[in-house]
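Chain residues, written in single-letter form:
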Amino acid sequence: MKTIFSNRSLECLFNIKSVFFLLLCFLGLSVIFQDYSQADKVLSTEEKRSDDVEVEKTAPIDDEEDDDNDASPIPTSDLTGAGAPEPVIDSFNPNDSKQMNANKLITFAKEISGDDVDAGSDAAFGGAITTIADRDGNGIDELVVGAFNADDSNGGNPGVVFVIFLDRNGEILDFHRITSNEGGFVGELPDDASFGHTLTNGGDINGDGTDDLLVGAPDHIHENNPDKEVGRFFVLFLDKKGLVTGQKKIGGKDDGWPESFNSDGDELGHTVGIIPRINGETYHSVGVPGDDDGGKDAGSVYILKLKPDGKVRASQKISRKIIGSKIIAKKGDRFGDAGTSSILDIDGDGIPDIAAGASGADIGNGANEGKFWIINLLENGSVKNFTEVSDLTQDILANETEPGDFFGHGEFRTGSFKDNAILGVGAFGDDDGVTNAGALYLLLLNKKGNVEGKLKLSTLLPDFPINLLENDWFGFAAAKLGSFGNGTAIAVGAPGNVAIPELEKPGKVFLLFLNGIQQ
């Protein structure tokens with residue numbers, strides 16, 4: 001493991017003019033980076049925008065079992081108990097990226113390799129990232145990392161999920177594996193299932209007081225036809241040690257799933273996410289990028305309510321065909337191949353909105369350039385409005401992305417700036433520095449979901465503290481960790497190009513401490 005520190009002299013701040021400027025900026029601008037509990041305040045429905053785009057809506061989610069226990073929102077915690085950070089002017093300014101350099105923003109970087117947890121070569125460690133609430137009592141939430149090409153104990157490669165216990169310096173204290181007959185998981189996973197391709201903290205689904213996991217396995221074979229890779233996802237119920245106490249595979253006819261995905265390449269479970277606090281309840285989302293609803297591989301996203309046993313209680317489908325619009329998910333876009341988690345209440349109507357990616361979408365003549373959508377939801381989980389984010393639809397992103405960038409992968413909610421949302425967005429095929437090194441964008445979104453500011457984290461950012469290599473795929477996955485000091489820490493995955501086995505790259509996760517950004 002390698003630890004990199006970037007220190008910046010603060011001598012220029014200690015003069016009268018600078019102090020006066022600090023006070024004015026801090027008090028006048030009131031820049032606050034908030035947690036879900038602050039950002040998702042429920043507003044009156046009278047405050048909904050009157051200029052929403054009208055789209056065809058599907059029927060509301062029909063919930064016939066309101067007496068069941070509902071999943072709780074993702075728990076949040078102050079990981080260090082340090083309280084609010086000292087104000088740092090210009091430590092993050094997405095509207096002034098030309099003057100930004102890394103040591104204003106990133107004060108600490110920590111690399112965790114797949115070798116550190118014995119993931120094996122070509123494991124794709126870092127292909128998915130989330131956290132679960134502190135299990136070992138040290139005040140630090142546990143890091144959960146997917147390695148979707150890793151081997152199980154039988155020598156197959158179904159994929160592995162690692163639960164990693166960290167100290168306050170980001171050092172590994174302990175870890176355990178979840179895969180075929182390991183970590184409490186019962187039964188064999190099929191080879192090449194890509195178990196751990198995506199992860200999300202699902203909240204407390206079964207009501208036992210601990211976080212549970214949703215794990216995608218988009219290349220899982222059909223139960224009765226091993227020649228078809230249809231995709232499945234799993235609900236894993238965890239105990240206080242982060243071990244599996246129960247599990248439910250979703251995608252078959254007996255689990256409440258609204259339709260049967262039996263076609264080769266559907267990729268059910270390519271993404272999974274959580275949408276907290278819609279009418280006080282928690283919903284979940286699942287991407288199916290190989291769905292042909294509205295065109296071959298146009299893709300779809302499902303908004304789900306889960307029962308305490310993990311089965312699907314009710315659902316709402318989002319696709320080009322159902323929405324009745326040519327804006328979302330045309331043929332080949334693979335809508336739902338990235339994102340799908342809640343990002344913030346962008347439009348201020350009291351209902352969390354989601355970002356859903358199509359990172360393999362072609363833009364103009366550019367293959368796999370990528371894009372994503374900000375989707376404003378209604379109370380029943382259907383679509384209220386949507387905004388496409390790509391270099392063709394957003395002026396500030398014009399000519400920003402290139403073919404093969406896979407822009408739109410790995411969206412995650414970072415915080416807010418002047419009451420507007422900041423969204424982290426990966427572009428793992430970006431060629432800054434070297435081919436396919438990857439990049440992560442921090443995008444400032446206004447109330448309509450349009451991009452007003454951007455900051456690109458890549459090897460071309462001055463003083464960038466990470467040595468990215470060819471085919472690292474930095475930005476394939478990312479998640480907000482909380483605080484490892486006076487600021488916010490994020491984890492960014494670089495799983496490596498598993499399409500080139502001779503590289504023998506196990507994959508990496510980078511912990512980045514972002515100075516001046518609160519949770």
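Definitions and cut-offs
- Residues numbered from 1 in each chain as written.
- Predicted model: local features only at pLDDT ≥ 70, side-chain atom pairs only at ≥ 80, totals over all residues.
- Heavy atoms only, no water.
- Helix = DSSP H or I, 4+ residues; strand = E, 2+ residues; numbered from the N terminus.
- Buried < 20%, exposed > 50% of the residue type's maximum accessible area, 1.4 Å probe, protein only.
- Contact = heavy atoms within 4.5 Å.
- Areas by Shrake-Rupley, 256 points an atom, 1.4 Å probe, with all protein chains shown as cover.
- Pairing = 2+ DSSP bridges.
- Axes fitted to C-alpha atoms, helices over the stretch in contact; angles between N-to-C directions.
- Salt bridge = Lys/Arg side-chain N within 4 Å of Asp/Glu carboxyl O.
- Lys, Arg positive; Asp, Glu negative; His and termini not counted.
- Core = buried A, V, L, I, M, F, W, Y, C linked by side-chain atoms within 4.5 Å.

A. Spotlight on the overall build of the protein chain. On a plain count of helices and strands, the protein chain comes out with four helices and 27 strands. Taken over 519 residues, the protein chain has a buried fraction of 60%. In the protein chain, once contacts between residues fewer than 6 apart in sequence are set aside, the share between residues at least 24 apart is 60%. Of the roughly 19,800 Å² of accessible surface on the protein chain, a fraction of 47% belongs to carbon and sulfur atoms.

B. Inspection of the sheet that holds strand β8 (residues 212-217) at higher detail. Read from one edge to the other, the open sheet built from four strands follows the order β7-β8-β11-β12, with strand pairing classed as antiparallel. Each edge of the open sheet is held by one strand with a lone partner, namely β7 (198-203) and β12 (244-250). Put simply, the sheet's adjacent strands are angled 25° from each other on average, direction ignored. Note: strand β11 (residues 232-238) against β12, six bridges, orientation antiparallel. Paired with F233 across the strands is I250, a residue of β12.

C. Layout of the pattern of salt bridges. Summed over all chains, the structure comprises 18 salt bridges. Where E182 meets R177, a salt bridge forms, and the shortest distance between an N and an O atom there is 2.9 Å. Each member of the pair, E182 together with R177, is buried. Put simply, K305 and E281 hold a salt bridge, and the shortest N to O gap is 3.0 Å. With a gap of 24 residues between them, K305 in strand β15 (residues 300-306) and E281 in strand β14 (residues 281-288) connect regions that are remote in the sequence. For the pair shown, K305 and E281 are each scored as buried.

D. Structural context of the side chain of D405. Within the secondary structure layout, D405 lies in the loop between β20 (383-389) and β21 (407-417). For the buried D405, no salt bridge exists, and the shortest N-O distance to an oppositely charged side chain is 5.8 Å, to K456. If sequence neighbours within four positions are ignored, D405 has contacts with N368, E369, E400, A427, F428, G429, D430 and D431.

E. The sheet that holds strand β6 (residues 172-178), seen in detail. One open sheet holds the four strands; their spatial order is β3-β4-β5-β6, and the pairing between them is antiparallel. For this open sheet the edge positions go to β3 (125-132) and β6, each flanked by a neighbour on one side alone. Sheet twist, expressed as the mean angle between neighbouring strand axes with direction ignored, is 25°. As judged from the six bridges shared by strand β5 (residues 160-166) and β6, these two strands associate in the antiparallel manner. When the sheet's bridge partners are listed, V161 is paired in β6 with I178.

F. Fine view of the nonpolar core. Counting residues in hydrophobic clusters, the biggest one holds 23 residues, and the most contacted among them are L440, L457, F464, I466, F474 and L512. When residues of this core are traced back to their parent elements, those giving at least two are β2 (106-113), β23 (439-445), β24 (451-457), β26 (487-494) and β27 (508-515). Contact partners of L457, with chain neighbours within four places excluded, come to L105, I106, A439, L440, F464, F474 and L512. With 22 residues, the next largest nonpolar core counts A119, I129, A147 and L511 among its residues.

G. Region of the structure containing the environment of N169. Here N169 is to be found in the loop between β5 and β6. Taking relative accessible area as the criterion, N169 reaches 52% and is therefore assigned exposed. Taking C-alpha positions, N169 is 8.6 Å from K110, a pair spaced 59 residues apart along the chain.

H. Main features of the pairing of β23. Burial of β23 is extensive: seven of the seven residues sit out of reach of the surface. What you see with β23 is no split at all: A439, Y441, L443 and L445 on one side and L440, L442 and L444 on the other are buried throughout. Examined bridge by bridge, β23 and β24 share six bridges and lie antiparallel to one another. Looking at β24, one finds that L443 is bridged to K454. The hairpin turn running from β23 into β24, its antiparallel successor, is five residues long, and G449 in that turn takes a positive phi close to 85°.

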